[in-house]
Number of protein chains: 2
Amino acid sequence: MAANEFSLIQTYFAHLTSGRADVVKGIGDDCALLRGPATQLLAVSIDTLVEGVHFFADVEPFRLGYKSLAVGLSDLAAMGAEPAWFTLALTLPENNTAWLESFTAGLAELAKKHNVQLVGGDTTRGPLTISIQVHGHVPEAAALRRDTARAGDKICVTGTLGDAGAALNSRLTGLSLQALSADQQAYLWSRLELPTPRNITGKMLRHRAHAAIDISDGLLADLGHILEASKLGAMLNIDSLPMSEALKQLPRTTAISLALTAGDDYELCFTVPADRLHELLETDVEVTCIGEITSVPGLVLVDHTGRVVEPPSTSIGYDHFK
Amino acid sequence: MAANEFSLIQTYFAHLTSGRADVVKGIGDDCALLRGPATQLLAVSIDTLVEGVHFFADVEPFRLGYKSLAVGLSDLAAMGAEPAWFTLALTLPENNTAWLESFTAGLAELAKKHNVQLVGGDTTRGPLTISIQVHGHVPEAAALRRDTARAGDKICVTGTLGDAGAALNSRLTGLSLQALSADQQAYLWSRLELPTPRNITGKMLRHRAHAAIDISDGLLADLGHILEASKLGAMLNIDSLPMSEALKQLPRTTAISLALTAGDDYELCFTVPADRLHELLETDVEVTCIGEITSVPGLVLVDHTGRVVEPPSTSIGYDHFK
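Only a predicted model underlies this, so the values are computations on that prediction, with no experimental measurement involved.

So, about a nonpolar patch on the surface. Residues and elements named next belong to chain A. On the surface, Met235, Val300 and Val308 cluster together into a nonpolar patch covering about 240 Å² of accessible area. In this structure, Val308 sits in strand 13 (residues 308-309). Taking relative accessible area as the criterion, Val308 reaches 56% and is therefore assigned exposed.

Printed below as a string of C-alpha cells:
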C-alpha cells in the first residue's frame, strides 16, 4: 500500500479495520498479514464497479458502498465459504467528505453484519471505480463448485428473481412500473441497490448441494455456466419461477423474461439431490425448486403443463447497461 | 467473478492461469480456491494504477503490464513474503487486441519469473484502470514490518535511488537529461517503467533486518513511515546515497534531491543490526548503508564531514504526477 492514502483510509475507513483476531497486521504496512484456518482453503474473488457501467452516477453513496461489498460476499456464498476479510481499491475524482462518509457507512453496514474486516486498500485519483476483493474460508470437501452438478439433481434458487432487473429496466429501457405501488417500486430499487448476499444459505448448502452459482448475470446465463462446466443439461419450469408481489404486477411475459434473463438479484442457484431437498425447504430463506438437471446437454423451458416454450428472444437484463 | 468476462480472460490471460499445485480451483468459478502453507501467514496487498495519474497514456502496454505486477511484488518483498498468486481487476475503454496482447506479455514476463499465478479477475468497460492484488506467504516470526526498527540499526537500501524520478521529471517538470547518453536516458526510463521488485533480497532479510519498506513514494517519505511506526529517528549521510552513473550526470543537488524524494524506484529500505550487515553486503544485489536509526525522533541529514544539511525544500518526485 502506498503511503499517501494513509490519512484518507485512517479518517474514513478506520472503523472497518479492526475486530478480527485472525488479522495479525491490518492496514498500515506494505501488506496485511492474515492467519487463515490451517485446514481450510482460501476463497478469493475480485469485482469492479464502474460509474455509468455498473451503477448510475446519482446512486446514493450508501447504497453503492453496500452493493460493492455485497457482490463479493455473494461470490463467497456461492462457494459455501465463510467471509473473513476484504480489500478496497477506490478511485475517486475528488476528495468529497460527504460522499466518503456515506459510502463507508454503506460498506460498514454489511461488513459488520458478516464480520468481515477491511485489511488493505489503495485510494487513487481518477474516474469513480470501485474494486473489492473478498477473502473467505471453506473446507475443501465442502466447497460448492460449478462443475459438479449431477443428472437428476433438482435445480433450486433462493428468494425471488427479476426484481433488480425490473428496477434497472424502468430507467434504462423505459419499462413502466405504473401498475406498482410506491412501496413496490421502492422494493424493486432496494433489490437492485441493496442486494442481500445469501451467505447463511451458502454455508448451509455445504455437503448438501452438488453445484452452486450466484445469479449476477441472469438465471439462464448463470445456470448455463453450471451446465457447461458440468457438461449436463436442464429442464426448467417457467411457471415455478419465484416472483415477488411487485414483479407480479407486470405483464406476465415481461415478468418471466426478467426472472429468466435479468441479472443483479444475487440470489443463489444450486443443484441438489432430491432426497436432500426437504432439509433446505425448512430454512428461513425461501428456496424454490424450479427444474431438474438432465444428462442431455441443453436447456429446455417448459410450462406447468409440460409444454415446451421458447426462451425470451433477447435478454432484457444487465447487458443493456454495459 | 462475473461470467461475461470469461472469454476475454480465456483468450488473453490463459497462459497466466496455470502452473501452481496450490491452486485448487483457479479462474472459472465464483471464487478461486487456494491452499496456503498451514504454518505461514497470508500476506496481501492491492494497488491501483490509473491512466494520467500513475502512468502516461502513451506508455508501452508491455511495460504497463510489467509494472502493474511489479509494484505488488515489491510490497511482498518489503514484508519478506514469498509471492504465490495475484488477481487482476482491469477496466478498459475498448477491447483492443494488440494492446491486450502486449499488456499480458508484460504481466507474464514478471509472473513467470516469480512463479505467481493469476487466480481471479474482473474485466470491465471504462477509463483505463488496473488494480492488482498480490498474495504471498511468510512465517509470522520472519515478517518484515515497519514498526520494529531499533535504535542503533544501520539503515540500508538496495540498488540505486532517484533514477525513476529523473525519468518522470524529464517529462513532467522539464528536467534536462541532455548531459546523458541515449543509453543512460533509456536506462532511467527502464527504471521508471520496468522496476525490479527485490523479492530475493526481501526473503534474505528474514530474521536479519528489524524493519523494512519499499521505496514507492521517495526515501524520506518511506523511511519516515518506519520512523513514525517505530517511534524513532534517523541520521542519513547524503554523500552515501547510492546513485547510478546516469543520475550522476545531473547537477549534484538535483541528483541528491531525486535520490531523497523521488518515488517509483521500488528499492527496499531496511534497518539491520550492525553485526548482521556483512551478511547482506555479500549478496548479488547491491546494498548500501546510508545512515543509522537514532532514539531521538526526527530525521537529520548530514554530509560526509558530519555537517548537518537541510532537506530539499520541495519534493520533486512522484507527487507532481498526482
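The structure having been displayed, the exposition proceeds.
Quick look at the sheet that holds strand 2 (residues 32-34) of chain B now. Strand order in this open sheet of six strands is 5(A)-4(A)-6(A)-3(A)-2(B)-1(B), and the pairing throughout is mixed. For this open sheet the edge positions go to strand 5 (117-125) of chain A together with strand 1 (23-25) of chain B, each flanked by a neighbour on one side alone. Neighbour to neighbour, the strand axes of the sheet diverge by 20° on average, direction disregarded. Across nine bridges, strand 4 (residues 82-92) of chain A lies against strand 6 (residues 129-138) of chain A in antiparallel orientation. Within the sheet, the bridge partner assigned to Thr87 of chain A lies in strand 6 of chain A and is Gln133 of chain A. Contacting strand 3 (41-50), strand 4 and strand 6 of chain A together with strand 2 of chain B, helix 2 (residues 61-79) of chain A crosses the sheet at an angle of about 30° to strand 6 of chain A. Here helix 3 (residues 97-114) of chain A sits on the sheet and contacts strand 4 and strand 6 of chain A; the angle it forms with strand 4 of chain A, its principal contact strand, is near 170°.

Between chain B and chain A, the contact holds 63 residues from the first and 63 residues from the second. Of the roughly 4900 Å² buried at the junction of chain B and chain A (both faces included), carbon and sulfur atoms supply 55%. When the buried area of chain B at its contact with chain A is split by residue, Asp30, Ile46 and Arg146 of chain B rank highest and sum to 13% of it. Applying the counting rule to chain B against chain A returns eight salt bridges. Here Arg146 of chain B and Asp30 of chain A are joined by a salt bridge, their closest N and O atoms 3.2 Å apart. Here chain B is connected to chain A by 20 residue pairs in polar contact (both at pLDDT 80 or more). Tallied by class, the residues present in the side of chain B that touches chain A amount to 30 nonpolar, 17 polar and 16 charged. Across three bridges, the pairing between strand 3 of chain A and strand 2 of chain B is antiparallel. When the bridges of strand 2 of chain B are listed, Leu42 of chain A appears paired with Leu34 of chain B.

Residue and element names in this part refer to chain B. Close contact between helix 2 (residues 61-79) and helix 3 (residues 97-114) brings their axes to 6 Å; oriented N to C, the two are set at 35°. The handedness of the crossing between helix 2 and helix 3 comes out as right-handed. Counted together, Pro61, Phe62, Leu64, Gly65, Tyr66, Ser68, Leu69, Ala70 and Leu73 of helix 2 and Trp99, Ser102, Phe103, Ala105, Gly106, Leu107, Glu109, Leu110, Ala111 and His114 of helix 3 form the full contact between these two elements. In terms of residue class, the contact of helix 2 with helix 3 is built from 13 nonpolar, five polar and one charged.

What follows is about unusual backbone geometry. Even without being a glycine, Asp264 of chain A presents a positive backbone phi close to 75°. By the secondary structure assignment, Asp264 of chain A is in the loop between helix 8 (252-261) and strand 10 (268-272). Positive phi outside glycine occurs at Tyr266 of chain B, with the angle close to 55°. Examined against the element boundaries, Tyr266 of chain B turns out to sit in the loop between helix 8 (252-261) and strand 10 (268-272). According to the relative accessible area criterion, Tyr266 of chain B is buried, its value standing at 9%.

Attention now moves to the packing of aromatic side chains. A complete count under the given rule lists four aromatic pairs over all chains for this structure. Taken together, a centroid distance of 6.4 Å and an interplanar angle of 55° make the contact between Phe56 of chain A and Trp189 of chain A tilted. Pair noted here: Phe56 of chain A is in the loop between strand 3 and helix 2 and Trp189 of chain A is in helix 5 (residues 182-193), with a separation of 133 residues, a long-range link. Above the plane of the ring of Phe56 of chain B lies Arg171 of chain B, whose end atom (NZ or CZ) is 3.9 Å from the centre.

With that settled, the discussion passes to the UniProt feature "domain: PurM-like C-terminal" (unreviewed entry) in chain A. The positions that UniProt labels "domain: PurM-like C-terminal" (unreviewed entry) are, in the present scheme, residues 150-302 of chain A. With 36% helix and 21% strand, residues 150-302 of chain A has end C-alpha atoms that lie 20 Å from one another.

The rules behind each value
- Residues numbered from 1 in each chain as written.
- Chains lettered and ligands numbered in written order.
- Predicted model: local features only at pLDDT ≥ 70, side-chain atom pairs only at ≥ 80, totals over all residues.
- Heavy atoms only, no water.
- Patch = residues over 30% accessible without salt bridge, like charges linked within 9 Å, V, L, I, M, F, W, Y side chains within 5 Å.
- Areas by Shrake-Rupley, 256 points an atom, 1.4 Å probe, with all protein chains shown as cover.
- Salt bridge = Lys/Arg side-chain N within 4 Å of Asp/Glu carboxyl O.
- Helix = DSSP H or I, 4+ residues; strand = E, 2+ residues; numbered from the N terminus.
- Buried < 20%, exposed > 50% of the residue type's maximum accessible area, 1.4 Å probe, protein only.
- Pairing = 2+ DSSP bridges.
- Axes fitted to C-alpha atoms, helices over the stretch in contact; angles between N-to-C directions.
- Contact = heavy atoms within 4.5 Å.
- Buried area = accessible area lost by both parts, 1.4 Å probe.
- Polar contact = N/O pair within 3.5 Å; in protein donor to acceptor, adjacent residues only side chain to side chain.
- Nonpolar A, V, L, I, M, F, W, Y, C, P; charged D, E, K, R; others polar.
- Left-handed = near helix turned anticlockwise from the far one by under 90°.
- Phe/Tyr/Trp six-rings, centres within 6.5 Å; stacked < 30°, edge-to-face > 60°.
- Lys NZ or Arg CZ within 6 Å of the ring centre and 35° of its normal.
- UniProt positions renumbered as here; feature names shortened; annotations may be inferred.

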